[in-house]
Amino acid sequence: MSPSCSRPGVKWQAQLEHLLGALDTPGLRLGIIPARARLRVHPGDGFGIHDGTRVEVEGYRDCETITDPDRVALFRRAFGLLQESAVYEQDARALIVEALRGW
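Since we're looking at a predicted model, the values are computed, not measured. (Residues numbered from 1 in each chain as written. Predicted model: local features only at pLDDT ≥ 70, side-chain atom pairs only at ≥ 80, totals over all residues. Heavy atoms only, no water.)

### Regarding the nonpolar core
Turning to step 1, where the next piece is worked out: Residues L16, L23, L30, I32, V87, A92, I96 and L100 constitute the largest nonpolar core, which totals 8 residues.
Turning to step 2, where the next piece is worked out: It is helix α3 (residues 89-101) that provides the largest number of residues to this core, a total of 3 residues.
Turning to step 3, where the next piece is worked out: When near neighbours in sequence (up to four residues on either side) are disregarded, L100 contacts Q13, L16, E17 and L20.
Turning to step 4, where the next piece is worked out: Core analysis: the second largest hydrophobic core is formed by 5 residues, V55, I66, V72 and F75 among them. (Core = buried A, V, L, I, M, F, W, Y, C linked by side-chain atoms within 4.5 Å. Buried < 20%, exposed > 50% of the residue type's maximum accessible area, 1.4 Å probe, protein only. Helix = DSSP H or I, 4+ residues; strand = E, 2+ residues; numbered from the N terminus. Contact = heavy atoms within 4.5 Å.)

### With respect to the pairing of strand β2 (residues 54-58)
Turning to step 1, where the next piece is worked out: The alternating pattern of β2 places V55 and V57 on a buried face, while none of R54, E56 and E58, on the opposite face, is buried.
Turning to step 2, where the next piece is worked out: By the bridge criterion, 5 bridges tie strand β1 (residues 46-50) to β2 in an arrangement that is antiparallel. Within β2, the position partnered with H50 by the bridge is R54.
Turning to step 3, where the next piece is worked out: Where β1 folds back onto β2 in an antiparallel hairpin, the turn is made up of 3 residues, including D51, whose phi is positive at roughly 55°.
Turning to step 4, where the next piece is worked out: As defined by bridge partners, β2 adjoins strand β3 (residues 63-66) across 4 bridges and the pair is classed as antiparallel. Residue pairing in the sheet places V57 in a bridge with E64 of β3. (Pairing = 2+ DSSP bridges.)

### Examining the sheet that holds β1
Turning to step 1, where the next piece is worked out: Taking strand neighbours across the sheet as the criterion, the 3 strands line up as β1-β2-β3 in an open arrangement whose pairing is antiparallel. The two strands at the open ends of the sheet, each matched to only one other strand, are β1 and β3. Direction aside, the axes of adjacent strands within the sheet are offset by 15° on average.
Turning to step 2, where the next piece is worked out: Taken strand by strand, helix α2 (residues 69-85) contacts β1, β2 and β3, and its axis lies near 110° from that of β1. (Axes fitted to C-alpha atoms, helices over the stretch in contact; angles between N-to-C directions.)

### Observations regarding the side chain of S85
Turning to step 1, where the next piece is worked out: With respect to the element layout, S85 can be found in helix α2.
Turning to step 2, where the next piece is worked out: Here S85 falls in the buried class, since its relative accessible area comes to 8%.
Turning to step 3, where the next piece is worked out: Reaching out from S85, the side chain makes a polar contact with the backbone oxygen of R38 at a distance of 2.8 Å.
Turning to step 4, where the next piece is worked out: Beyond its immediate chain neighbours, meaning those up to four positions away, S85 contacts I33, P34, A37, R38, L39 and R40. (Polar contact = N/O pair within 3.5 Å; in protein donor to acceptor, adjacent residues only side chain to side chain.)

### Focus: the pattern of salt bridges
Turning to step 1, where the next piece is worked out: The full count for this structure, using the stated rule, is 4 salt bridges.
Turning to step 2, where the next piece is worked out: One salt bridge connects R93 with D24, and the closest N-O pair in it is separated by 2.9 Å. Of the two residues, R93 sits in helix α3 while D24 sits in the loop between α1 (12-22) and β1, which places them 69 residues apart along the sequence.
Turning to step 3, where the next piece is worked out: By relative accessible area, which is 22% here, R93 ends up partly exposed.
Turning to step 4, where the next piece is worked out: On the accessibility criterion, D24 (55% relative accessible area) is exposed.
Turning to step 5, where the next piece is worked out: With a closest N to O distance of 2.8 Å, E56 and R54 form a salt bridge. (Salt bridge = Lys/Arg side-chain N within 4 Å of Asp/Glu carboxyl O.)

In structure tokens, the structure reads:
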């Protein structure tokens, strides 16, 4: 995180430390997409998939809830492609620790 990305009031270090602690949460698989990862799909707007039947999309335009099965399937495919670019477990931990050291 470069200083140019930071905004007043945003505590990036605390957020990174929270992610570091979250890596040990049972049942959670936390993936991080490295800045230099090869992407098979552009990440686009932020989204969350809920119960495989609803997608909450947050972007510059607004927030949108998607329940159309075809559109939900599109986001599920995109998520699968993003997972392929992510790192997990010790590799994710190493990225977070590296970011904290650079702070």
